[in-house]
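Summary of the model geometry
Given next are the chains, with one letter for each unit.
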Amino acid sequence: MPTVGVKRDLLFKALGRTYTDEEFDELCFEFGLELDEITSEKEIISREQGDSKASGASDIILYKIDVPANRYDLLCLEGLVRGLQVFKNKVEAPRYRRVSPVSGAPQKLIITKETAAVRPHAVAAVLRNITFTQERYDSFIELQEKLHQNICRKRSLVAIGTHDLDTISGPFTYTAKPPGDICFKPLNQTKEYTATQLMSLYKTDSHLRHYLHIIEDKPVYPVIYDSNGVVLSMPPIINGEHSKISLKTKNVFVECTATDVTKAKIVLDMMVTMFSELAYRTEKLSSEFVNRKVGITESTEKIAQLLTKMCLRSQVTGVGDEIEVEIPPTRSDVIHACDIMEDAAIAYGFNNITRTTPRTYTIANQECVAALFPVIDNDFFHPNLTTVFLHQVARTTLLPGLLKTIAANRKMPLPLKLFEISDVVLKDDTKDVGTRNSRRFCAVYYNKSPGFEVIHGLLDRTMQLLEVKPGRGEGYHIQAADGKNSTFFPGRCAEIFVRGKSVGRLGVLHPDVINRFELTMPCSALEMDIEPFL
């Protein structure tokens, strides 16, 4: 969950009242948030860098608030205050609208075909007549950073650029050029650099070096110009110094370049929802559905009121117990009727839901797959490895995660043996959401020799534990796989069959795969579907 840090006194001023720490903690819980920590800048620096470094830091109280990962509209002070005020019925859910410029035509961003080779999508908007205070300016910058770290996936999917519109002139052009042909003065620098020089300069920058890999091996780099040839930005790395925003900025040009156009639109919506009219959509559901799923017995009118408290304007249609719910552009997390039901439950209050005894009684039993864990743990797990957090996306395979973990532990003694049992997400048109979860087992052996026999032995031991005998028909067997799978080395890959059905593959990984994870030793792997055994 992302954590938002806000100054307590500034938050209370915006909310129009003060709270004790306990009262605000309770308010957060009611709204589906968590007050994670009460601290200060001085305390944070002292804890992380020592008391000597914290001597001049601020003592202002900070609230660290955990926000659900899909609630991008709560990642800044303004969005947080707005959500809480609507929840407490202090204000109505805002209606966003687009305002045409008083004079002149709307600005235009032209996208050239060259961008297809590196970063093909871009969207843009203008925020007019803004008044920045220091606090609001800081919040605006922090919102960009929070979005970059979350939905933007560290700028790999989307990169945000903000510019002082009064220092540049449209129409703007988004194109891509060889790095040697791009030259400009980057943010907070005093001279011009070519893009090639910038990539070398930022290799030692503690912040920007983490984004260089996104474009550094591309033949062309993305760049945005104004009509006079002034460089606004070289996304996703750095903006230009010429158009940087300040406390005096009144009109902001916002551009989002992306590899995922849907994510780009969501991010732009988050940046401009206080000023623009954006696309709303409506969903319909029944109060019976909400009551049954949540475990309450409220009227249709009451449920509509609960949803409105969550910034989802709702009204009773008069057709049975049907409710029409308006989804604003700030709520990109609302995808399914279950998401609406969840908001109704939050507004009702989880502590107010009456506890009931389940109508169905069952006796729990261990899944047969659980028997794998202790045995494989003993034989196929390295206890001292640094793990890599990978649950930021729905995975279709487990193998890249294990290879990334090995890459992060290359200096550990060989051999490295890792396994994971977890879910992947697969397309399935028969499901209402278009996908289904499937449990997988994946293991990797990394050593000076490929170790195919080790992986093969692990497969045999796994099947033994799952009580599946070797042989065709009702048992399991492997056979040489075709050469279409580029993951494995040709001629060193086998397909696994259980009861006549293919459930996975094992083999020696192709050198190209190993090299892409910056590994230098051969590697064997096994990945199979264990859903049939559950």
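This report concerns the structure included in the present document. Model, not experiment: these values are computed from the prediction.

**Quick look at the overall build of the protein chain**
- Counting its regular elements, the protein chain contains 14 helices and 22 strands.
- With the C-alpha coordinates of the protein chain rotated into their principal frame, the extents come out at 80 × 65 × 55 Å.
- The 534 residues of the protein chain split such that 46% are buried.
- Within the protein chain, contacts between residues at least 6 apart in sequence are counted, and of these 67% link residues at least 24 apart.
- Within the structure as shown, the protein chain displays about 28,100 Å² of accessible surface, and the carbon and sulfur contribution to it stands at 49%.
- Positive and negative charge centroids in the protein chain, built from 65 and 68 side chains respectively, lie 4 Å apart.

**Details of helix H12 (residues 399-407)**
- The buried fraction of H12 is high, at seven of nine residues.
- Residues of H12 that are buried: Leu399, Gly401, Leu402, Leu403, Thr405, Ile406 and Ala407.
- The inward-facing, buried residues of H12 abut strand S17 (416-427), strand S18 (435-446), strand S21 (501-509), helix H14 (511-516) and strand S22 (523-529).

**Focus: the sheet that holds strand S14 (residues 281-286)**
- In space, the three strands of this open sheet follow the order S14-S16-S15, with antiparallel pairing throughout. Each having just a single partner strand, S14 and strand S15 (314-316) make up the two edges of the open sheet. On average, each strand axis in the sheet is tilted by 25° relative to the strand beside it, whichever way the strands run.

**Describing helix H4 (residues 77-87)**
- Burial analysis of H4 places 10 of its 11 residues in the buried class, the great majority of the element.
- Every buried residue of H4 is accounted for by Leu77, Gly79, Leu80, Val81, Arg82, Gly83, Leu84, Gln85, Val86 and Phe87.
- One or two steps after H4, the chain reaches Asn89, where phi turns positive at roughly 60°.

**Observations concerning the side chain of Ser287**
- Considering the arrangement of structural elements, one finds Ser287 in helix H8 (residues 287-294).
- Apart from residues no more than four positions distant in its own chain, Ser287 is found in contact with Thr300, Ile303, Asp321 and Ile323.

**Let's talk about the pattern of salt bridges**
- Under the definition given, this model contains 14 salt bridges.
- Residues Asp73 and Arg71 are paired through a salt bridge, measuring 2.8 Å at the closest nitrogen-oxygen approach.
- For the salt bridge of Arg281 with Glu283, the shortest nitrogen-to-oxygen distance reads 2.7 Å.
- Residue Arg281 is classed as partly exposed on the basis of its relative accessible area of 33%.
- Through salt bridges with shared partners, one network takes in Arg331, Asp333 and Asp343.

**Re the nonpolar core**
- Residues Leu11, Phe24, Ile65 and Leu147 are the most contacted members of the largest nonpolar core, which totals 53 residues.
- With seven residues, the top contributor of residues to this core is helix H7 (residues 261-272).
- Setting aside anything within four residues of it in sequence, one finds Phe24 in contact with Leu11, Phe12, Leu15, Tyr19, Leu35, Tyr63, Ile65 and Leu84.
- Counting residues in each nonpolar core, the second largest holds 23 residues, with Leu402, Tyr446, Phe517 and Ala525 among its members.

**Points about unusual backbone geometry**
- Cis geometry is adopted by the peptide bond preceding Pro171, which originates at Gly170 and carries an omega value of 0°.
- Structurally, Pro171 is set in the loop between strand S6 (158-164) and strand S7 (172-177).
- Residue Pro415 follows Leu414 across a cis peptide bond; omega there is -5°.
- Considering the arrangement of structural elements, one finds Pro415 in the loop between H12 and S17.
- You will see that Asn89, though not glycine, has its phi angle at about 60°, which is positive.
- With respect to the helices and strands, Asn89 occurs in the loop between H4 and strand S4 (109-111).

**Let's talk about the pairing of S21**
- The buried fraction of S21 amounts to seven of the nine residues, a majority that puts the element mostly inside the structure.
- Where strand S20 (residues 488-498) lies against S21, seven bridges are found, and the strand directions are antiparallel. The partner of Ala494 across the bridge, within S21, is Leu506.
- Where S20 hands over to S21, the hairpin turn is made up of two residues, of which Arg499 adopts a positive phi near 55°.

Rules behind the numbers
Residues numbered from 1 in each chain as written. Predicted model: local features only at pLDDT ≥ 70, side-chain atom pairs only at ≥ 80, totals over all residues. Heavy atoms only, no water. Helix = DSSP H or I, 4+ residues; strand = E, 2+ residues; numbered from the N terminus. Buried < 20%, exposed > 50% of the residue type's maximum accessible area, 1.4 Å probe, protein only. Contact = heavy atoms within 4.5 Å. Areas by Shrake-Rupley, 256 points an atom, 1.4 Å probe, with all protein chains shown as cover. Lys, Arg positive; Asp, Glu negative; His and termini not counted. Charge placed at Lys NZ, Arg CZ, Asp CG, Glu CD. Pairing = 2+ DSSP bridges. Axes fitted to C-alpha atoms, helices over the stretch in contact; angles between N-to-C directions. Salt bridge = Lys/Arg side-chain N within 4 Å of Asp/Glu carboxyl O. Core = buried A, V, L, I, M, F, W, Y, C linked by side-chain atoms within 4.5 Å.

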